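Here are the chains, one letter per residue:
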Amino acid sequence: MRISKRPTSEYYNFNLEIGGLCIGVDCQLPDLGYLLYEHYYCFFSTKPAIFHLSVVPSITHPIGDLTYPDLTRLADCLSFHAGTCTGSIDTLTHRAELAVSQVRPFEDVDYFIRILIALLCFNAGGLLLHGAGIVWENDAHIFFGRSGSGKTTISHLAIDGLVLNDDLVVVLPVRNQWMVFATPFGSLGDRRSEQSGYPLFGLYRLVKDTHNYTKRLSPSRAVAELIGSVPILPSITKYQALALSRCDELSASIPVFYLHFRIDAPVRQIVNPKRG
């Protein structure tokens, strides 16, 4: 249900549910809290949180570097220090804190929540993938690749499908099958109040071309392409080999293709001509 009236509390507490994974958010900055409240409303949940995030004001001055560094690990804690924020994650107590400046607080929180979802997905047996998730006839297709590969283009072309997201989707094993879930992280996506998972039908590494066709990848190439579209985890030493193994597990049960496509491609007919 969309929130149309601004709460009067100086603090904002809510639970986000993405792919059945629930994060409790406590924001101590009222204006930022309201922005988060409005942006994530379709993913609010009454389920108990399995991880808790506190967003607090930074006590240090921001610096010019706006890039997000890789996470560093010390025992059960992960952390990073960016020019505009500082974050820490305690994987043992399931608590995290992000201290933000006034430079880009919403973007910092949104990025940090992506980190938490990536970790929670992996711990639940799945992955957060850089990919556009599109559903036709209850089957989900993931079109993946790094920035500029065509994920948003493909999403705009899928006028007859349900776009779960044009940038990041959650993939989780549910009752012996891989299911795909929407996230709130892209510019396009499913923002209905009730979120559902959809069975994964195929994975497609996007290749812009002058012709439309698919080519199935070998097992080793499929893993190599998939790991390139897994955010966060490959930069953490503890998860590198495990993330490769997870990609191998996924590609062993779901076919992975190169999808060569024109910018006016009839996407549904290319990936599944019998149903298109």
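Calculation criteria
- Each chain carries its own residue numbering, running from 1 in the direction its sequence is written.
- The predicted origin of the model limits local features to residues at a pLDDT of at least 70 and limits the giving and counting of side-chain atom pairs to 80 or more, whereas totals for whole chains, interfaces and linings rest on all residues.
- Hydrogens and water are ignored here; the side-chain numbers use all heavy atoms of the structure.
- Exposure classes here rest on a 1.4 Å probe applied to the protein chains alone. A residue is buried below 20% of its type maximum, exposed above 50%, and partly exposed in between.
- Strands are runs of DSSP state E lasting at least 2 residues, helices are runs of H or I lasting at least 4, and numbering of each runs from the N terminus.
- DSSP bridges decide pairing: two strands pair if at least two such bridges lie between them.
- To get an axis, fit a line to the C-alpha atoms, keeping to the stretch in contact for a helix; angles then go from 0 to 180 degrees between the N-to-C directions.
- Should an angle fall under 35 degrees it is taken as roughly parallel, and over 145 as roughly antiparallel, whereas 65 to 115 is taken as roughly perpendicular and any remaining angle as oblique.
- The handedness criterion is simple: a crossing whose near helix is rotated anticlockwise from the far helix by less than a right angle is left-handed, and one whose near helix is rotated clockwise is right-handed.
- By the convention used here, residues are in contact when the closest approach between their heavy atoms is within 4.5 Å.
- Only Asp, Glu, Lys and Arg are considered charged in this grouping, and only Ala, Val, Leu, Ile, Met, Phe, Trp, Tyr, Cys and Pro are considered nonpolar; every other residue, Gly among them, is considered polar.
- Pairing of aromatic rings covers Phe, Tyr and the six-membered ring of Trp, with a centre-to-centre limit of 6.5 Å; geometry is then stacked below 30 degrees between planes, edge-to-face above 60, and tilted otherwise.
- By convention in these notes, a salt bridge is any Lys or Arg side-chain nitrogen within 4 Å of a carboxyl oxygen on Asp or Glu.
- With a 1 Å grid spanning the protein atoms alone, the term cavity applies to any set of points in which a 1.4 Å probe fits but cannot get out, the term pocket to an open set with protein on both sides within 12 Å along at least five of seven lines, and the term lining residue to any residue with an atom within 4 Å of a point.
- Grid points are joined across faces, edges and corners, and a volume is the space filled by probe spheres set on the points.
- In this text, buried Ala, Val, Leu, Ile, Met, Phe, Trp, Tyr and Cys residues form a nonpolar core when linked through side-chain atoms within 4.5 Å.

*Asks:* In this structure, what is going on with the pairing of strand E9 (residues 139-144)? I would like to understand it.
*Replies:* Each regular strand displays side chains that alternate between the two surfaces of the sheet. Across the six residues of E9, six count as buried, placing the element largely inside the fold. Burial along E9 is two-sided: the residues Asp-139, His-141 and Phe-143 and Ala-140, Ile-142 and Phe-144 are all buried. With six bridges joining them, strand E8 (residues 127-136) and E9 adopt antiparallel strand pairing. Along E9, the bridge assignment pairs Trp-136 with Asp-139. The turn linking E8 back onto E9 is made up of two residues, and Glu-137 within it adopts a positive phi angle of 50°. Two elements, E9 and strand E13 (residues 198-208), share five bridges in a ladder whose sense is parallel.

*Asks:* Even after reading the chapter, I still don't get the packing of helix H4 (residues 219-227) against helix H5 (residues 237-253), so can you show me in this structure?
*Replies:* Packing of H4 against H5 brings their axes to within 9 Å, and their N-to-C directions diverge by 125°. Overall, the two elements H4 and H5 adopt an arrangement that is oblique. Here H4 and H5 pass one another in a crossing that is right-handed. Residues Ala-222, Val-223, Leu-226 and Ile-227 of H4 form the contact with H5, whose participating residues are Ala-243, Leu-244, Cys-247, Asp-248, Leu-250 and Ser-251. The residue inventory of the contact of H4 with H5, partitioned by class, reads eight nonpolar, one polar and one charged.

*Asks:* Would you take a moment to explain the packing of aromatic side chains for this structure?
*Replies:* Centre-to-centre distance and the angle between the planes together describe a pair of aromatic rings. Counted under the stated rule, the structure contains 12 aromatic pairs. Of the aromatic side chains, those joined through ring pairs into one cluster are Tyr-12, Phe-14, Tyr-37 and Phe-44.

*Asks:* In this structure, what is going on with the pattern of salt bridges? I would like to understand it.
*Replies:* Pairing between side chains becomes possible if they bear opposite charge and their charged atoms approach one another. Scanning all chains against the criterion turns up 10 salt bridges. A salt bridge links Asp-110 to Arg-114; the shortest N-O distance between them is 2.9 Å. Of the two residues, Asp-110 and Arg-114 are both situated in helix H2 (residues 105-123); the distance of four residues between them amounts to about one turn of the helix. The pair Asp-110 / Arg-114 is uniform in exposure class, with both members buried. Connected via shared salt-bridge partners are Asp-110, Arg-114 and Asp-167.

*Asks:* Help me understand unusual backbone geometry in this model?
*Replies:* It is generally the case that most residues other than glycine have a negative phi and that most peptide bonds are trans. The phi dihedral of Asn-138 falls on the positive side, at around 70°, and the residue is not glycine. Mapped onto the elements of the fold, Asn-138 is located in the loop between E8 and E9. Notably, Ile-232 is not glycine yet its phi reads approximately 70°, a positive angle. By the secondary structure assignment, Ile-232 is in the loop between H4 and H5.

*Asks:* Help me understand the layout of surface pockets in this model?
*Replies:* To find the voids left in a structure, one rolls a probe of water-molecule size over its atoms. Here the largest pocket defines a volume of roughly 200 Å³. Every residue lining the largest pocket is counted, 14 residues in all, and those nearest its centre are Tyr-111, Ile-115, Pro-231, Ile-232 and Ser-235. Every element with two or more residues in the lining of the largest pocket is listed here: H2 and E8. The element contributing the most residues to the lining of the largest pocket is H2, with three residues. Here the lining of the largest pocket is composed, by residue class, of 10 nonpolar, two polar and two charged.

*Asks:* Got a minute to help me understand the nonpolar core in this structure?
*Replies:* Taken as a class, soluble globular proteins show a tendency for nonpolar side chains to be buried jointly. In terms of nonpolar packing, the biggest core is built from 76 residues, with Leu-203 and Leu-250 touching the most fellow members. By residue number, the principal contributor to this core is H2, which donates 11 residues. Sequence-distant contacts of Leu-250, that is, excluding residues within four places in its chain, are made with Leu-127, Leu-129, Val-171, Trp-178, Leu-200, Leu-203 and Leu-226. Grouped together as the second largest cluster of nonpolar side chains are 16 residues, Ile-134, Ile-154, Tyr-204 and Ala-265 included.

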